[in-house]
Amino acid sequence: MERTSRDSEMKEEEDVQAGVDIWKYVLGFAGIAVVKCAIELGIAEAIENHEGPMALSELSSTLGCVPFSLDRIMRFLVHHHFFKEEPTIQGTAGYVHTPLSRRLLRQGEDSMADYILLESSPVMLAPWHHLSSRVRVNGTAAFEAAYGGDIWKYAAANPAFNRLINDAMACDARLAVSAIIESCPKLFDTGIKTLVDVGGGNGTALGKFVKAFPWIEGINFDLPHVVSVAAKCEGVKQVGGDMFDSVPKADAVFIMKVLQDWNNDDCVRILKKCSYMDCLFSMFKSVNFSSFFSFPLQKFLIGSVKSWAVIHRVDVAGWHLKKERLDGNNLNLGYDHLTSTIS
Ligand SMILES: C[S@@+](CC[C@H](N)C(=O)[O-])C[C@H]1O[C@@H](n2cnc3c(N)ncnc32)[C@H](O)[C@@H]1O
């Protein structure tokens, strides 16, 4: 009898909680919408340029906003740890930066603003409305269902979107490459004189590598519409082409956030174009190597390149590099202090 009443109490609590939780999904889009709004208004820049905590009235007049509406935006942002409140010299509340709000600055090494603008753009949101079609048997990729072609064809035909996606990729490349340079510098001190970045976007990654390791000559390889608008960078040659046709020759090849876009057969086709090079570094984002690649592909890698380093980014909240090395030569690439996950 007692048990039955406890059970029904628990069910009631669960039901009450469900009534609360469902609102996270009803209004689940609000977070990205408010952060996009903050970037478009330039809230982070205004607070950065202000000496000391910035009062709502000062922020509103600087940005040309209605104080009542901006207050609601700021309350949401502060609640989610973008900015915090501290007393101004007048003793009223003012806003200052937090590490999270600094990511909303348009410039700077840690900026993620362009990435947020990409993912919150109408172009990138539309495919999410086709998620169910992707999951169905014989379903179409969500981007293709929305636009009738893949994202790279879409970027080739839409220069503004091309710029947006290249700038967004550069945000992540800046962070990723800084972490690689800091964590495993010896990777690049193994006789590598030329390094090709396959699908290297606008060349941000290579630009950082050649700056850190000036003896390396960089070749940034990507589709013609990407490299033709990339900014010039000393030590980096821009080469346009299709990685399914051929890849420029270099001592080593770096592939970051590319292979996860393709199925295993396509990955084999891409990697075959790189297989005559000595060394292959690949960086994946949140992809489990052993489950992602089928066994034949792993075998292909062992058999075809002398050294294979996969640097995983597995922890979205921070940088957590892991290494996988499948090499016959047992080279010491200088990153043994990183967690080994060879499977
Ligand atoms: C997800 S982005 C990664 C960019 C860069 N590696 C990074 O991590 O920031 C994938 C890149 O692959 C390029 N790409 C797609 N298809 C390609 C092809 N057939 N040949 C060369 N590059 C290609 C795209 O243009 C894009 O720059």
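Rules used in this analysis
Residues numbered from 1 in each chain as written. Predicted model: local features only at pLDDT ≥ 70, side-chain atom pairs only at ≥ 80, totals over all residues. Helix = DSSP H or I, 4+ residues; strand = E, 2+ residues; numbered from the N terminus. Buried ≥ 20, exposed ≤ 12 C-beta atoms within 10 Å, placed from the backbone. Axes fitted to C-alpha atoms, helices over the stretch in contact; angles between N-to-C directions. Parallel < 35°, antiparallel > 145°, perpendicular 65-115°, else oblique. Left-handed = near helix turned anticlockwise from the far one by under 90°. Contact = placed C-beta atoms within 7 Å. Nonpolar A, V, L, I, M, F, W, Y, C, P; charged D, E, K, R; others polar. Near = placed C-beta within 6 Å. Pairing = 2+ DSSP bridges. Right-handed = clockwise from strand over helix to strand, strands pointing away. Core = buried A, V, L, I, M, F, W, Y, C linked by C-beta atoms within 7 Å. Domains from an automatic or database assignment. Expected span 1.5 Å × (residues − 1). Arc of directions from axis to C-beta.

A.B. asks: What's the story with the overall build of the chain in this structure? I'm lost.
C.D. replies: Within the chain, the regular secondary structure consists of 17 helices and ten strands. Counting over 343 residues, the chain shows a buried share of 29%.

A.B. asks: When you look at the packing of helix α4 (residues 56-63) against helix α5 (residues 67-79) in this model, what are you seeing that I'm missing?
C.D. replies: Pairs of packed helices are described in terms of their axes, by the angle between the two and the distance that separates them. Across the interface, α4 lies against α5 with an axial gap of 10 Å and an inter-helix angle of 110 degrees. Taken together, the axes of α4 and α5 are roughly perpendicular relative to one another. Classified by chirality, the crossing of α5 by α4 is right-handed. For the pair formed by α4 and α5, the contact residues are L56, S57, L59 and S60 on the first element and P67, L70, D71 and M74 on the second. When its residues are assigned to classes, the contact of α4 with α5 shows five nonpolar, two polar and one charged.

A.B. asks: Please clarify how the packing of helix α12 (residues 159-183) against helix α13 (residues 204-212) should be interpreted in this entry.
C.D. replies: Two elements in contact, α12 and α13, have axes whose closest approach is 8 Å; the angle formed by their N-to-C orientations is 30 degrees. Relative to α13, α12 is oriented roughly parallel. As for the relative orientation of α12 and α13, their crossing is right-handed in sense. On α13, the residues touching A170, A173, R174, V177, S178 and I181 of α12 are T204, A205, K208, F209 and A212. Broken down by class, the residue content of the contact of α12 with α13 amounts to seven nonpolar, two polar and two charged.

A.B. asks: I'm lost on α13 in this one. Help?
C.D. replies: One turn of the α-helix equals 3.6 residues, which is why residues spaced by three or four share an orientation. A large share of α13 lies buried, amounting to seven of its nine residues. In this structure, the buried side of α13 is in contact with α12, β3 (194-198), β4 (217-222), β5 (236-240) and β6 (252-256).

A.B. asks: For this particular structure, what's the right way to read the site of the ligand?
C.D. replies: Of all residues adjacent to the ligand, which total 16 residues, the nearest are M169, G199, G201, M243 and K257. With three residues, α12 is the single largest residue contributor to the shell around the ligand. A breakdown of the residues in the shell around the ligand according to their chemical character gives nine nonpolar, three polar and four charged.

A.B. asks: Help me understand the pairing of β3, please; the structure alone is not making it clear to me.
C.D. replies: On any regular strand, side chains alternate: one points to one face of the sheet, the next to the other face. Most of β3 sits out of view: four of its five residues are buried. Examined bridge by bridge, β3 and β4 share five bridges and lie parallel to one another. Bridge pairing links V198 to F221 in β4. In this view, the connection linking β3 to its parallel neighbour β4 by way of α13 has right-handed handedness. Sheet topology note: the β3/β6 ladder contains three bridges and is parallel. Residue pairing for β6: L195 is matched across the bridge by A252.

A.B. asks: Hey, could you run me through the nonpolar core in this one?
C.D. replies: Soluble globular proteins tend to bury their nonpolar side chains together. Residues A38, L104, L195, V196, V198, F209 and V253 are the most contacted members of the largest nonpolar core, which totals 57 residues. In terms of residues, this core owes the most to one element, α12, which gives nine residues. Looking at which domains feed residues into this core, each of domain 1 (1-105) and domain 2 (171-340) supplies at least three.

A.B. asks: How should helix α2 (residues 30-41) be read in this particular structure?
C.D. replies: The end-to-end C-alpha distance of α2, which contains twelve residues, comes to 16 Å, matching closely the 16 Å that a straight helix rising 1.5 Å per residue would cover. Here α2 has its buried residues at V35, A38 and I39. Down the axis of α2, the buried set is contained in an arc of 100 degrees. They therefore lie on one face. Among the exposed residues of α2, those oriented more than 90 degrees off its buried face are A30, A33 and E40. Within two residues after α2, G42 carries a phi angle of roughly 80 degrees, on the positive side.

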